[in-house]
Amino acid sequence: MTRDVRRYSPGPEALKALSHGDRLKMLGILRLHGPQTATGLAEQLGLNSGAASYHLRQLAKHGFIEEAPELGNARERWWRSAHETTWTEDTAAPGTPEAESMGGYLATVIERQVEMLFASLPAHAGLPAEWRRASNASDGTFWLTAEQAYELSERLTAELVRMQAETPPVTEPGPEGTRRFTVQIHAFPHPGLPGAKETP
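What comes next is a walk through the structure. (Residues numbered from 1 in each chain as written. Predicted model: local features only at pLDDT ≥ 70, side-chain atom pairs only at ≥ 80, totals over all residues. Heavy atoms only, no water.)

Bringing the packing of helix α2 (residues 21-33) against helix α5 (residues 97-124) into the picture now. Orientation of α2 relative to α5, taken along the N-to-C sense of each, is 60°, at an axis distance of 10 Å. Between α2 and α5, the interaxial angle falls into the category oblique. In this structure, the crossing between α2 and α5 has a hand that is right-handed. Facing α2, whose interface residues are Gly 21, Leu 24 and Lys 25, α5 presents Thr 108, Val 109, Arg 112 and Glu 115. Taken together, the residues of the contact of α2 with α5 break down into two nonpolar, two polar and three charged. (Axes fitted to C-alpha atoms, helices over the stretch in contact; angles between N-to-C directions. Helix = DSSP H or I, 4+ residues; strand = E, 2+ residues; numbered from the N terminus. Parallel < 35°, antiparallel > 145°, perpendicular 65-115°, else oblique. Left-handed = near helix turned anticlockwise from the far one by under 90°. Contact = heavy atoms within 4.5 Å. Nonpolar A, V, L, I, M, F, W, Y, C, P; charged D, E, K, R; others polar.)

Given below as structure tokens:
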């Protein structure tokens, strides 16, 4: 049984607003753990509540989050993610403001993904064998055309989309025996090795 997954395809201005590390972390917390207050997010991220409130207003302004009025009161506002996934496609011409926004967003996303990857390492050795076996750090480099590379990326992404639609939202309790499991995909033209002579 599958479910509808709420996705958001932001424009350049929205991507630019999300290209801030703390805002991206806030959005991740809201998507993973559900509604939060500015005070709660500030404590988790080591920010003052004023800065957290400002970042939340920026995320709301660009459609990433929304208020959760049923949880709030006169003293404190609660916020939730408006979507489960941010969906982007980099088709902007090089040198344009759109390309610049996408580049800044990707830099922030990759930095956050690397942080999460390193954060998972200390616990890895203590995981039960079945969870260590399920973890993976594989890579491969191939000669591909741009079209072949795009098709490969689409196949990998399609599997994540399918899995997301077939499992409960991560803000809800998971079925017995499950835990939150993160899969990251990085696909890119090989940049070459330092000092090595390679064709592009």
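That shown, we press on.
Now for the pairing of strand β4 (residues 78-81). Every second residue of β4 is oriented toward a common face, the buried set being Trp 79 and Ser 81 and the non-buried set Trp 78 and Arg 80. In terms of strand pairing, strand β2 (residues 36-37) meets β4 through two bridges, oriented antiparallel. Note on β4: the bridge partner recorded for Thr 37 is Trp 78. With three bridges connecting them, strand β3 (residues 65-67) and β4 associate as antiparallel partners. What sits directly across from Ile 65, in β4, is Ser 81. (Buried < 20%, exposed > 50% of the residue type's maximum accessible area, 1.4 Å probe, protein only. Pairing = 2+ DSSP bridges.)

Two strands in a sheet stick together by hydrogen bonds in their backbones, pointing the same way (parallel) or opposite ways (antiparallel). Spatial strand order, β2-β4-β3: three strands in an open sheet with antiparallel pairing. On the outer flanks of this sheet lie β2 and β3, each paired with one strand and no other. Along the sheet face, α2 touches β2, β3 and β4 and points at about 85° away from the line of β4.

So, about the packing of α2 against helix α4 (residues 49-61). α4 packs onto α2 with a crossing angle of 75° between their chain directions and a minimal axis gap of 10 Å. What the angle tells us is that α2 and α4 run roughly perpendicular. Contact residues: Asp 22, Arg 23, Met 26, Leu 27 and Leu 30 in α2; Ala 52, Tyr 54, His 55, Leu 56, Gln 58 and Leu 59 in α4.

A word on helix α3 (residues 38-45). Among the residues of α3, Ala 38, Gly 40, Leu 41 and Ala 42 are the ones counted as buried. Its buried side turned inward, α3 meets α2, β2 and α4. Taken from the residues just after α3, Gly 46 is the one with a positive phi, measuring 70°.

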